[in-house]
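# Chains, contacts and geometry: an overview
Each chain is listed here by its residues.
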Amino acid sequence: MQQQAPSQLSEAELMALATEALVGLGLSRRDAADAGRVLVLAEMFGVATHGVGRIESYGERLKIGGINPRPDIVLEHVAPAIVRVDGDNGVGPLVGMRALEAAMDAAATGGVGLALARGSNHFGPVSPYSHIAAEAGFASLIGSNATTTIAPWGGSEARLGNSPCGFGFPNPGGEPIILDMAISVAARAKIRNAAKAGQPIPDTWATDRAGKPTTDPNEALNGFLLPIGGHKGYGLALVVDLLAGLLSGAAYLTHVKSWVESPESPQNLGHYFLLIDTKRLGTANWLSERMNDFVGILHSTPPADPNAPVLVPGEIENRNLMRARRDGIRVDPSLLAKLKALSARVAIA
């Protein structure tokens, strides 16, 4: 049987489909559109692992009551520049968007804004939030905690999550600089792929169950991911969880529920959104000149490999975004069918 080619959808078409699919899972239309915006941007950035395909996995937990489709998200203004957000166990990208909006509002008023969210779930990648903030003129530091997969440095049991974190800096005269990263050296998906292929992995990727570095991907899958930079990455993972989990009032470390082992239970993940209103620091021309000079210095670095010029964080994502808006977004036929099936529930209802 011939394999069906991926479909090409415009941004508007994919947004409409993602929104309808989330409405089909029980979200209100406004909430579905806001959550869908994060996932569609991820898809357009080329981060398909955290794009609209996540709607299916969110849906599995929505169906069994692990996620609340109609959360009452509450904002608590604890100080002029600080907002605590209770996500009421809503879909992660929705809680993330409400927290981002709260941080932007606070920063627009006072120059700096911090939103700390609790009662949330997997909120997708960091880059869509950073991009949205940058488009509005805000520099951002954003992160979330996650299910435990990393052992403390020198330990032999998982206590930390592979927490996503990153930053974004606006450029009125060009593309924003955006970094989106997790704490581990390599994702578990890469280790799973090596195991399927029967290939070894570098001993810097993971440990076995005893906490010893291993090149065996199967031992690694039963062990723990290693953080970037060794003990320094361990420290970075702690900072993310202290901000996202501890200070927000969310779960932290081993208190975070695994959505694989306990899909019916609220995860109570936490996120942080720290924003700076760059418009308070100077004119758009001032910032643009400095940002373009900054990027130019990096681009002018002689490359070690002539075929691999120096890039700045977010450059690949920005190119993918431009290409997607020009040529459309490739969506796997099986995923497209699943999204359409979820959307059809709206018509039936």
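Criteria and cut-off values
- Residues numbered from 1 in each chain as written.
- Predicted model: local features only at pLDDT ≥ 70, side-chain atom pairs only at ≥ 80, totals over all residues.
- Heavy atoms only, no water.
- UniProt positions renumbered as here; feature names shortened; annotations may be inferred.
- Axes fitted to C-alpha atoms, helices over the stretch in contact; angles between N-to-C directions.
- Helix = DSSP H or I, 4+ residues; strand = E, 2+ residues; numbered from the N terminus.
- Parallel < 35°, antiparallel > 145°, perpendicular 65-115°, else oblique.
- Left-handed = near helix turned anticlockwise from the far one by under 90°.
- Contact = heavy atoms within 4.5 Å.
- Nonpolar A, V, L, I, M, F, W, Y, C, P; charged D, E, K, R; others polar.

An unreviewed UniProt entry lists the protein under the name Hydroxyacid dehydrogenase, with Roseomonas gilardii as the source organism. We quote the UniProt Sequence similarities (unreviewed entry) comment for the protein here in full: "Belongs to the LDH2/MDH2 oxidoreductase family."

### A few points about the packing of helix 1 (residues 11–24) against helix 2 (residues 29–45)
For the pair helix 1 and helix 2, interaxial distance at closest approach is 8 Å and the crossing angle is 130°. Here helix 1 lies oblique to helix 2, going by the angle between them. In the crossing of helix 1 with helix 2, the sense of the turn from one axis to the other is right-handed. Where helix 1 approaches helix 2, its residues Glu11, Leu14, Met15, Ala18, Thr19, Glu20, Leu22 and Val23 are matched on the opposing element by Arg29, Ala32, Ala33, Ala35, Gly36, Arg37, Val40, Glu43 and Met44. Its residues placed into classes, the contact of helix 1 with helix 2 shows ten nonpolar, two polar and five charged.

### Examining the packing of helix 2 against helix 4 (residues 92–110)
Interhelical geometry of helix 2 versus helix 4 gives an angle of 90° and a closest axis separation of 8 Å. Considering their axes alone, helix 2 and helix 4 lie roughly perpendicular with respect to each other. Between helix 2 and helix 4, the residues in contact are Arg30, Asp31, Asp34, Ala35, Arg37, Val38 and Leu39 and Pro93, Leu94, Met97, Arg98 and Glu101, respectively. Residue classes in the contact of helix 2 with helix 4 are distributed as six nonpolar, no polar and six charged.

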